[in-house]
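The lines below spell out each chain.
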Amino acid sequence: MPVIEVRNLHKRYRGKVAVEDVSFTVERGEIFGILGPNGAGKTTTVECVEGLRRPDRGTVSVLGFDPVRDAAEVRSRLGAQLQEARLPNRMRVREALDLYASFYPEPADSGELMDVLDLTAQRDTGFAKLSGGQQQRLSIALALIGDPEVAVLDELTTGLDPQARRDTWAMVERIRDRGVTVLLVTHFMEEAERLCDRLAVIDAGRVVAVDTPSGLVARVEPEGRIRVRFRPSAPLPEALLRDLPEVRSVEWSGEQVRVTGTPEVLHAVTSVLARNQIIAADLRVEQTSLDDAFVALTGRTLED
Ligand SMILES: Nc1ncnc2c1ncn2[C@@H]1O[C@H](COP(=O)(O)OP(=O)(O)OP(=O)(O)O)[C@@H](O)[C@H]1O
């Protein structure tokens, strides 16, 4: 049985469609991402999973329970990190964890959770005195204090600096390694690529694709093509490149040439250049990224 199953979910707010037809399943032990631009319907979807919103149409099941009908069951098994959670300024880390632990019959060990989330040194620090990364880690700890089987993390690393972001990703992996299934909402491509086992790409309330990050890339670039860009140091007859079996296309942009081909294209091009005593200046190798896949799947970039 999947841990989370969402089938043909529809949700509108006063005539405005937020979720148009969303289906996906999350298996036990996965980090499953919902990736999409602002307003795509990600938060609405996970709020239906959490039982905070009632779907207009479609079904949601969490560990076999209906989050609205069986709210108490779902609440005791699912931990949610809310977007921009705030606590009273002077509430200490330890107090916040104790307070949240009191909501659950069998909470997790708060000392261990502080260890895992690197908050032990801050146990007596008030919320307002924590750094952004520490506040974020506390909000993850609060999502996990009920010892849930499923954790829903929404915009986990928004507002964090790159180092704090990477530390937080490592924490999420540790949580998954403890057996928790993670549903992660993000609009950061790098986060999705680095952290998620599988992803649902959502755009304008619809699922565009569900796959592993590399599977999404392979959909738009089935042969794992790569691109090599450089500026030749001397005139380069295009036929030298075109005749290589590894090469698919050759495009010029001013003095710069962009050669696309199989994964062996880099070796083939540099060999032919060496034989002809041409140097490749500003050589760059580009691989199809999840960014490219997103553009190909949705017709726009995440920032649009
Ligand atoms: N309570 C609400 N009332 C009316 N419209 C809403 C409400 N909540 C969200 N919406 C609208 O529904 C659409 C989907 O919003 P949702 O928050 O689910 O998207 P999202 O992908 O999570 O975006 P974000 O990352 O900005 O939170 C948006 O157009 C949003 O403006």
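Every chain is numbered on its own, with residues counted from 1 as its sequence reads. Confidence filtering applies because this is a predicted model: local features only for residues at pLDDT of at least 70, side-chain atom pairs given and counted only at 80 or more, and all residues used for totals across whole chains, interfaces and linings.

**Some points on the overall build of the protein chain**
Thought 1: To qualify as a helix, a DSSP run of H or I must reach at least 4 residues; to qualify as a strand, a run of E must reach at least 2; elements of each kind are numbered from the N terminus. Along the protein chain, the regular secondary structure elements total 11 helices and 13 strands.
Thought 2: With the C-alpha coordinates of the protein chain rotated into their principal frame, the extents come out at 75 × 45 × 35 Å.
Thought 3: With C-beta atoms placed from the backbone, a residue counts as buried when 20 or more other C-beta atoms lie within 10 Å of its own, as exposed when 12 or fewer do, and as partly exposed for counts between those limits. Residues classed as buried in the protein chain amount to 36% of the 304 residues present.
Thought 4: Sequence separation of at least 24 residues holds for 69% of the intrachain contacts in the protein chain that already meet a minimum separation of 6. We call two residues in contact whenever the C-beta atoms placed from their backbones are within 7 Å.

**Considerations on the domain arrangement of the protein chain**
Thought 1: In this document the domain limits rely on a domain assignment from an automatic tool or a database. Splitting the protein chain by domain gives domain 1 (4-219) and domain 2 (222-287).
Thought 2: Placing the centre of domain 1 and that of domain 2 at their C-alpha centroids yields a distance of 44 Å.

**Observations concerning the sheet that holds strand β12 (residues 256-261)**
Thought 1: The antiparallel open sheet is built from 4 strands, whose spatial order is β11-β12-β10-β13. Because the sheet does not close on itself, it has two edges, and the strands there are β11 (247-253) and β13 (280-287). With direction set aside, neighbouring strand axes in the sheet form an average angle of 20°.
Thought 2: Note on pairing: DSSP must find at least two bridges between two strands before they are called paired. Here 6 bridges tie β11 to β12, and the two strands are oriented antiparallel to one another. Looking at the pairing, Trp 252 lines up with Val 257 of β12. Geometry is summarised by axes, namely lines fitted to C-alpha atoms with helices restricted to the contacting stretch, and by angles between N-to-C directions that run from 0 to 180 degrees.

**A look at helix α10 (residues 265-275)**
Thought 1: Buried within α10 are the following residues: Val 265, Val 269 and Leu 273. For α10, the buried positions fall inside an angular range of 60° around the axis, keeping them on one side. Turned more than 90 degrees off the buried face of α10, the exposed positions are His 267, Ser 271, Ala 274 and Arg 275.
Thought 2: Turning to α10, the residues buried within the fold contact β10 (226-232), α9 (238-242), β11, β12 and β13.
Thought 3: Looking one or two residues past α10, Gln 277 carries a phi angle of roughly 55°, positive in sign. Of all possible arcs, the one meant is that of the directions from the helix axis to the C-beta atoms.

**Digging into the packing of helix α5 (residues 132-144) against helix α6 (residues 162-177)**
Thought 1: Orientation of α5 relative to α6, taken along the N-to-C sense of each, is 15°, at an axis distance of 10 Å. It follows that α5 is roughly parallel to α6 by the angle criterion. Regarding α5 and α6, the two cross each other, and that crossing is right-handed. Seen from α5, the contacting residues are Gly 132, Gly 133, Gln 136, Arg 137, Ile 140 and Leu 144; seen from α6, they are Ala 164, Asp 167, Thr 168, Met 171 and Ile 175. Angles below 35 degrees are treated as roughly parallel, those above 145 as roughly antiparallel, those between 65 and 115 as roughly perpendicular, and all remaining angles as oblique. In this scheme, a crossing is called left-handed if the near helix is turned counterclockwise away from the far one by less than a right angle; it is called right-handed if the turn is clockwise.

**Here we look at helix α1 (residues 42-50)**
Thought 1: Of all 9 residues in α1, 9 are buried, a share of seventy percent or more.
Thought 2: Taken together, the buried positions of α1 are occupied by Lys 42, Thr 43, Thr 44, Thr 45, Val 46, Glu 47, Cys 48, Val 49 and Glu 50.
Thought 3: Two residues or fewer past α1, Gly 51 is found with a positive phi of approximately 85°.

**What to know about the site of the ligand**
Thought 1: Around the ligand, the neighbouring residues are Tyr 13, Lys 16, Ala 18, Gly 36, Asn 38, Gly 39, Ala 40, Gly 41, Lys 42, Thr 43, Thr 44 and His 187.
Thought 2: Elements with a contribution of two residues or more to the shell around the ligand: β2 (16-26) and α1.
Thought 3: A per-element tally of the shell around the ligand places α1 first, with 3 residues. Being near a molecule or strand means, for a residue, that its backbone-placed C-beta atom lies within 6 Å of it.

**What to know about the nonpolar core**
Thought 1: Membership of the largest hydrophobic core comes to 64 residues, with the highest contact counts inside it found for Ala 141, Leu 153, Val 182, Leu 183 and Leu 184.
Thought 2: Ranked by residues supplied to this core, first place goes to α5 with 6 residues.
Thought 3: With residues near it in sequence (within four places) discarded, Ala 141 still touches Leu 97, Leu 113, Met 114, Leu 117 and Leu 119.
Thought 4: Counting residues in hydrophobic clusters, the runner-up holds 8 residues, among them Val 228, Val 247, Val 269 and Leu 273. Structurally, a nonpolar core is described as a collection of buried Ala, Val, Leu, Ile, Met, Phe, Trp, Tyr and Cys residues joined by way of C-beta atoms within 7 Å.

**So, the pairing of strand β6 (residues 150-154)**
Note on strand geometry: in a regular strand, side chains alternate between the two faces of the sheet.
Thought 1: When you tally the buried positions in β6, you get 5 out of 5 residues, the bulk of the element.
Thought 2: What you see with β6 is no split at all: Val 150, Val 152 and Asp 154 on one side and Ala 151 and Leu 153 on the other are buried throughout.
Thought 3: Note: strand β5 (residues 78-81) against β6, 4 bridges, orientation parallel. Looking at the pairing, Ala 80 lines up with Val 152 of β6.
Thought 4: Looking at chain direction, β6 and strand β7 (residues 181-186) are connected through 5 bridges and run parallel. Across the sheet, Leu 153 pairs through a bridge with Leu 184, a residue of β7.

**A few points about the packing of helix α8 (residues 213-220) against helix α11 (residues 290-298)**
Thought 1: Axis separation between α8 and α11 bottoms out at 8 Å; the angle between their running directions is 55°. One element, α8, and the other, α11, form an angle in the oblique class. Our pair here, α8 against α11, has a crossing hand that is left-handed. The segment α8 lies against α11, with Pro 213, Leu 216, Val 217, Arg 219 and Val 220 engaging Leu 290, Asp 292, Ala 293, Ala 296 and Leu 297.
Thought 2: Amino acid classes used here: Ala, Val, Leu, Ile, Met, Phe, Trp, Tyr, Cys and Pro are nonpolar; Asp, Glu, Lys and Arg are charged; the rest, including Gly, are polar. Across the contact of α8 with α11, the residue classes tally to 8 nonpolar, no polar and 2 charged.

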